Amino acid sequence: MLRYSFSLFIIACLIQSMSLAQSFKPAGDPAKILSELKKASQATNTLQADFKEQKFLSVLKNPQLSSGTFHYQKKDKMRWEQQRPSNYVILINGDRLRVQEAGKEKNVAAAGRMAAQIKELMLGLVNGDFQDNRAFSQTCLENSERYQIILTPTSSRLKKMYSKISLVFSRSSLRLGELTFFEKSGDKSIMTFTNEKINGEIPEGVFTNL
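Calculation notes
Residues numbered from 1 in each chain as written. Predicted model: local features only at pLDDT ≥ 70, side-chain atom pairs only at ≥ 80, totals over all residues. Heavy atoms only, no water. Salt bridge = Lys/Arg side-chain N within 4 Å of Asp/Glu carboxyl O. Buried < 20%, exposed > 50% of the residue type's maximum accessible area, 1.4 Å probe, protein only. Core = buried A, V, L, I, M, F, W, Y, C linked by side-chain atoms within 4.5 Å. Helix = DSSP H or I, 4+ residues; strand = E, 2+ residues; numbered from the N terminus. Contact = heavy atoms within 4.5 Å. Expected span 1.5 Å × (residues − 1). Pairing = 2+ DSSP bridges.

S.K.: Where do I start with the pattern of salt bridges in this structure?
M.R.: Pairs may arise between side chains of opposite charge once their charged atoms sit close together. Summed over the entire model, instances satisfying the criterion amount to nine salt bridges. Put simply, Arg79 and Glu81 hold a salt bridge, and the shortest N to O gap is 2.9 Å. Of the two residues, Arg79 and Glu81, neither departs from the other in class, the shared state being buried. Note that Glu105 and Arg98 form a salt bridge whose closest N and O atoms lie 3.0 Å from each other. For Glu105, a relative accessible area of 43% translates into the label partly exposed. Classification of Arg98 as buried rests on a relative accessible area of 16%. Salt bridges sharing common partners tie together Lys38, Lys75, Asp129 and Asp132.

S.K.: Can you walk me through the nonpolar core in this structure?
M.R.: Counting residues in hydrophobic clusters, the biggest one holds 40 residues, and the most contacted among them are Ile149, Ile165, Leu167 and Leu179. If you tally residues by element for this core, the top one is helix α3 (residues 113-127), at six residues. Apart from the residues lying within four places of it in its own chain, the contact partners of Ile149 are Leu34, Leu37, Phe130, Thr139, Cys140, Ile165, Ser166, Leu167 and Phe169.

S.K.: Would you mind showing me how to read α3 here?
M.R.: Helix length check: α3, at 15 residues, gives a terminal C-alpha distance of 21 Å against a target of 21 Å (1.5 Å per residue), a fit within 8%. If you check which residues of α3 are buried, you get Ala115, Gln117, Ile118, Lys119, Leu121, Met122, Leu123, Gly124, Leu125 and Asn127.

S.K.: Help me understand the pairing of strand β11 (residues 176-183) in this model?
M.R.: The two faces of the sheet receive side chains in turn, since in a regular strand these alternate between them. Where strand β10 (residues 162-170) meets β11, seven bridges bridge the pair, whose relative direction is antiparallel. The residue bridging Phe169 from the neighbouring strand is Leu176, located in β11. The turn joining β10 and β11, which pair antiparallel and follow one another in sequence, is formed by five residues; a positive phi near 65° is taken by Leu174. Note that β11 and strand β12 (residues 188-198) share five bridges and pair antiparallel. What sits directly across from Phe181, in β12, is Ser189. The antiparallel pairing of β11 with β12 creates a hairpin that spans four residues between the two strands, and Gly186 there sits at a positive phi of about 105°.

Here is the structure:
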């Protein structure tokens, strides 16, 4: 019964998400929307939030669910820490990118240029620099409550990974509420953010210690 109820809950969420997505229409003034989003990101010195992720894989019937915490400090420090169902940390501090999985640090230096692009992308989605990233074209949509920015890769490297990336912002707060990666393989990851704390103090160790 519990599994059945949970399945109904997931289906209801998906139907709701599809309904909201269908209600978006081309923005009347894209330049104004992008300018407002840029100003909001520039006014954000620190950001803390909880996140939940649903990852839809073509080889699995049900989505994989995970959750954790997110920290950001202007302009180039970020910690993405998945805590459930297993521990996974992505740590960005300036030019350095570190990844830890199941308590062990992975060698990302071997990824070279691709790792650098991923780091630039992740930070850009938070600090607003995605607007100036020539590796993507942008489409701006809106409805009565939210803005949606669709990023379509123009870089040959990123084209191999993503078909598009969707960012959904609240019209009232101009905060990122939902981030979706559409992978070239057909897989999809939907991340939602809650319990945001803006411009609060974050201990330095958050960005230095895995």
